[in-house]
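# A structural walkthrough
Listed below, chain by chain, are the residues.
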Amino acid sequence: MPVQYILGEWDFQGLSLKMAPPVFIPRPETEELVEWVLEEVTQGPCVVGAQGGPLILEVGCGSGAISLSLLSKLPQSRVIAVDKGEAAICLAHENAQRLRLQDRIRIIPFDVTLEGSWAHLLPWGPVDLVVSNPPYVFHRDMEKLAPEILSYEDPLALDGGEEGMDIITHILALAPRLLKDSGSIFLEVDSRHPELVGSWLQSQPDLSLNLVAVRRDFCGRPRFLHIRRCGPQHGCPVDAWPGPQPARVPG
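The following paragraphs examine the structure supplied in this document.

Cut-offs used in this document
Residues numbered from 1 in each chain as written. Predicted model: local features only at pLDDT ≥ 70, side-chain atom pairs only at ≥ 80, totals over all residues. Heavy atoms only, no water. Pairing = 2+ DSSP bridges. Helix = DSSP H or I, 4+ residues; strand = E, 2+ residues; numbered from the N terminus. Axes fitted to C-alpha atoms, helices over the stretch in contact; angles between N-to-C directions. Left-handed = near helix turned anticlockwise from the far one by under 90°. Contact = heavy atoms within 4.5 Å. Nonpolar A, V, L, I, M, F, W, Y, C, P; charged D, E, K, R; others polar. Parallel < 35°, antiparallel > 145°, perpendicular 65-115°, else oblique. Buried < 20%, exposed > 50% of the residue type's maximum accessible area, 1.4 Å probe, protein only. Polar contact = N/O pair within 3.5 Å; in protein donor to acceptor, adjacent residues only side chain to side chain. 1 Å grid on protein atoms, 1.4 Å probe; cavity = no way out; pocket = protein on both sides within 12 Å on 5 of 7 lines; lining within 4 Å. Points joined across faces, edges and corners; volume = space filled by probe spheres on them.

The seven strands are arranged 5-4-3-6-7-9-8 in an open sheet whose pairing can be described as mixed. Since the sheet does not close on itself, it has two edges, and those belong to strand 5 (105-109) and strand 8 (209-216), each with one partner. Averaged over all neighbouring strand pairs, the angle between strand axes comes to 20°, with direction disregarded. The pairing of strand 4 (residues 78-83) with strand 5 spans five bridges and is classified as parallel. Residue pairing across strands places Ile-80 opposite Arg-106, the latter belonging to strand 5.

As structure tokens, then:
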């Protein structure tokens, strides 16, 4: 069993997060994704939502590591965190409450692969940023993963299909409906994906998405993508984030 599950908690970006199987365990590389998002928000062009900070959508939130890290470092930010796994939804709720961040995050059961599912998010948007560490392992590479990963972690949080692109393309198809003009998408991907994603975006000009930057991880592998939306935004109403609501754990 992975040590994170044995201990029952793990540190991520200075936050102590509860860990429980089969929810995906955040990796050190993902901390670099968070740091890049923070750089872009704090040093780049001003990203300000209706309440003074960025509204961020995380797709596939798992334990809540990315969302809660961004909330802790960006005091005016708000997050919509979605995941299709009930265990992940419950764990993210618990971590938000442990860190007293529950009033600035909405954690919603959501399957990005379902046709028309994006409509459920319209009342919460439009968003400034979409962030995700999606399942991106090439299906043929799944058998190469460590036995303890295959035995304990949810394979749906790892297996990205034949070319590791199944969930990535769903996120990219969804994003233009929810992003503000010039909004950004930040993704963690396999080192083979920058070229594949760039080619896919070129084949989908109606999405009005451009791959603007690729960043390497601490091992020198191209690991993170910054994709920016250009063109008019359709679908979302004016920023309609509601007032504080009690977090609800699906039962």
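Still more ground to cover, so stick around.
Between helix 2 (residues 28-43) and helix 3 (residues 65-73), the shortest axis-to-axis distance is 10 Å and the interhelical angle comes to 40°. As helix 2 runs across helix 3, the sense of the crossing is right-handed. Facing Thr-30, Leu-33, Val-34, Val-37 and Leu-38 of helix 2, the residues of helix 3 in contact are Ile-66, Ser-69, Leu-70 and Lys-73. The residue inventory of the contact of helix 2 with helix 3, partitioned by class, reads six nonpolar, two polar and one charged.

The next thing to look at is the packing of helix 6 (residues 166-178) against helix 7 (residues 193-202). When two helices pack together, their arrangement is given by the angle between their axes and by how far apart the axes lie. At a closest axis distance of 12 Å, the pairing of helix 6 and helix 7 adopts a crossing angle of 40°. Considering the angle they form, helix 6 stands oblique to helix 7. The interaxial crossing formed by helix 6 with helix 7 has right-handed handedness. Each of Ile-168, Thr-169, Leu-172 and Ala-173 in helix 6 lies in contact with helix 7, whose residues at this interface are His-193, Val-197, Trp-200 and Leu-201. In terms of residue class, the contact of helix 6 with helix 7 is made up of six nonpolar, two polar and no charged.

Attention shifts here to the environment of Leu-74. Note that Leu-74 resides in the loop between helix 3 and strand 4. Taking C-alpha positions, Leu-74 is 8.6 Å from Thr-42, a pair spaced 32 residues apart along the chain. In this structure Leu-74 touches Leu-38, Val-41, Thr-42, Pro-54, Ile-56 and Arg-104, once residues within four positions along its chain are discounted.

Once that is clear, we can look at unusual backbone geometry. Geometrically, the link from Pro-21 to Pro-22 is a cis peptide bond, its omega value of 5° lying close to zero. Looking at where Pro-22 falls in the secondary structure, it is placed in the loop between strand 2 (15-18) and helix 2. Although it is not a glycine, Ser-208 adopts a positive phi angle of roughly 55°. Structurally, the position occupied by Ser-208 is in the loop between helix 7 and strand 8. Its relative accessible area of 26% is what places Ser-208 among the partly exposed residues.

Before going further, it helps to spend a moment on the side chain of Asp-217. Position of Asp-217 relative to the elements: it lies in the loop between strand 8 and strand 9 (222-229). Side-chain polar atoms of Asp-217 contact the backbone nitrogen of Cys-219, separated by 2.9 Å. Leaving out residues up to four positions away in the same chain, Asp-217 has contacts with Glu-29, Glu-32, Arg-223 and Phe-224.

Any space left empty among the atoms is revealed by the rolling of a water-sized probe across them. For the largest pocket, the calculated volume is near 630 Å³. Around the largest pocket sit 35 residues that line it, and Gly-60, Asp-83, Pro-135, Leu-156 and Ala-157 are the ones nearest its centre. Breaking the lining of the largest pocket down by element, the ones donating at least two residues are strand 3 (55-59), helix 3, helix 4 (86-98) and helix 6. Class assignment of the residues belonging to the lining of the largest pocket gives a composition of 17 nonpolar, ten polar and eight charged. Put simply, the second largest pocket is a space of about 410 Å³. Together, 21 residues line the second largest pocket, and Tyr-136, Val-137, Leu-145, Glu-188 and Arg-223 are the ones closest to its centre. Of the residues that constitute the lining of the second largest pocket, the class distribution is ten nonpolar, three polar and eight charged.

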